[in-house]
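# Structural features, examined
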Amino acid sequence: MTDLQQRLNDTLHALPDTVSLVAVSKFHPAEAIREAYDAGQRVFGESRAQELVGKHDTLPADIKWHFIGHLQPNKVKYIAPFVSLIHAVDTFRLLQEIDKQARRCDRVIPCLLQLHVAAEETKFGFTPQECREMLEEGDWREMDHVEIAGIMCMASNTDNEARIRADFQTAYQFYREAKAKWFADRPAFTLRSWGMSGDWHIAIEEGSNMVRIGSAIFGERHY
Ligand SMILES: *Cc1c(COP(=O)(O)O)cnc(C)c1O
């Protein structure tokens, strides 16, 4: 077993059965993904459309590719034919574009709504109030080619554990509100995507059922 495979196994063993792992492979070469694949991992996360397309073209077809980063509407068409889950829908306009491109591919693309809960203004995502307004407005219900499957967030970039915990609590509270108010008749709405290498322990305590872990498995990224 390689070091990478050992880190992958250690991570998987540490996760409760109810939590799924997205192995975040961005900026790492196809060979590293292949190592994780050979150890059984099938779900990988990427954050750049071009890089994702290149890796999709060269790696095994049964990999489930998640797009986890900020996605510009004009890039959706490149990944729409194959992407399994888009984590960070941060505008209604992006959701519309995903619906449009998914229709052209005759697919339904599962998506998560990204909630802005962090202290930094630079982060993307809907504020809880913006997200409420969009869901209440209801146009998303007419989109037959996207399936809103849950909520995603990134916590504040800080060592302050209380702040990180509070961010995840905000997201989990919003998830429960949304599930009761707008998704009660939509059983696909189940995913809580939060937790990365540095904060996934806290994320799981605060309701995550999908963690996105990169450097703890693949090592440091070289940009
Ligand atoms: C890079 C990235 C991750 C993984 O971060 P690590 O700290 O390497 O685990 C998770 N989520 C998103 C949105 C990312 O961009």
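Okay, so let's go over this structure. Here the structure is a predicted model, which means the values were calculated and not measured. (Residues numbered from 1 in each chain as written. Predicted model: local features only at pLDDT ≥ 70, side-chain atom pairs only at ≥ 80, totals over all residues. Heavy atoms only, no water.)

## Concerning the nonpolar core
With 63 residues, the main nonpolar core has Ile79, Ile86, Ile98, Leu113 and Leu135 as its most contacted residues. The contacts of Leu135, once residues within four sequence positions are left out, are Leu113, Trp140, Phe174, Ala178, Trp182 and Phe183. With eleven residues, the next largest nonpolar core counts Val24, Leu112, Leu191 and Met210 among its residues. (Core = buried A, V, L, I, M, F, W, Y, C linked by side-chain atoms within 4.5 Å. Buried < 20%, exposed > 50% of the residue type's maximum accessible area, 1.4 Å probe, protein only. Contact = heavy atoms within 4.5 Å.)

## Some details on helix 5 (residues 92-104)
Because the α-helix completes a turn every 3.6 residues, residues three or four places apart line up on one side. With 13 residues, helix 5 ought to run about 18 Å at 1.5 Å a step, and its terminal C-alpha atoms sit 19 Å apart, in line with that. All buried positions along helix 5 are accounted for by Leu94, Leu95, Glu97, Ile98, Asp99, Gln101 and Ala102. Tucked inside the fold, the buried residues of helix 5 contact helix 4 (76-79), strand 4 (85-89), strand 5 (109-115) and strand 6 (146-153). Asp106 occupies a position one or two residues after helix 5 and carries a positive phi of about 55°. (Helix = DSSP H or I, 4+ residues; strand = E, 2+ residues; numbered from the N terminus. Expected span 1.5 Å × (residues − 1).)

## Here's the deal with the side chain of Lys26
Secondary-structure assignment places Lys26 in the loop between strand 1 (20-24) and helix 2 (30-38). An unpaired buried charge is present at Lys26: no salt bridge exists, and Glu46, the closest side chain of opposite charge, is 8.6 Å distant. Apart from residues no more than four positions distant in its own chain, Lys26 is found in contact with Gly45, Glu46, Ser47, Glu51, Lys55 and Arg221. (Lys, Arg positive; Asp, Glu negative; His and termini not counted. Salt bridge = Lys/Arg side-chain N within 4 Å of Asp/Glu carboxyl O.)

## A word on the pairing of strand 2 (residues 43-46)
Side-chain alternation along strand 2 places Val43 and Gly45 on one buried face and Phe44 and Glu46 on a second face that is also buried. Where strand 1 lies against strand 2, two bridges are found, and the strand directions are parallel. Within strand 2, the residue paired with Ala23 across the bridge is Phe44. For the crossover from strand 1 across helix 2 to strand 2, the handedness is right-handed. Of the pairings in the sheet, the one linking strand 2 to strand 3 (residues 64-67) comprises four bridges and is parallel in character. The partner of Phe44 across the bridge, within strand 3, is Trp65. At this point the chain moves from strand 2, through helix 3 (residues 49-58), to the parallel strand 3, and the crossover so formed is right-handed. (Pairing = 2+ DSSP bridges. Right-handed = clockwise from strand over helix to strand, strands pointing away.)

## Let's talk about the layout of surface pockets
Volume-wise, the largest pocket comes out at about 760 Å³. Along the lines of polarity and charge, the residues of the lining of the largest pocket split into twelve nonpolar, twelve polar and seven charged. Taken as a whole, the second largest pocket holds about 170 Å³ of empty space. (1 Å grid on protein atoms, 1.4 Å probe; cavity = no way out; pocket = protein on both sides within 12 Å on 5 of 7 lines; lining within 4 Å. Points joined across faces, edges and corners; volume = space filled by probe spheres on them. Nonpolar A, V, L, I, M, F, W, Y, C, P; charged D, E, K, R; others polar.)

## Notes on the site of the ligand
Around the ligand, the neighbouring residues are Val24, Lys26, Ile68, Met152, Met154, Met196, Ser197, Arg212, Ile213, Gly214, Ser215 and Arg221. At 2.5 Å, a side-chain N or O of Ser197 approaches an oxygen atom of the ligand. Calculation on the ligand without its partners gives an accessible area of 380 Å², and the protein chains cover 90% of this total. Cavity membership is defined here by more than half of the atoms lying within 2 Å of grid points; on that basis the ligand lies in the largest pocket. A breakdown of the residues in the shell around the ligand according to their chemical character gives six nonpolar, three polar and three charged. (Near = heavy atom within 4 Å. Polar contact = N/O pair within 3.5 Å; in protein donor to acceptor, adjacent residues only side chain to side chain. Areas by Shrake-Rupley, 256 points an atom, 1.4 Å probe, with all protein chains shown as cover. Sits in = over half its atoms within 2 Å of the grid points.)

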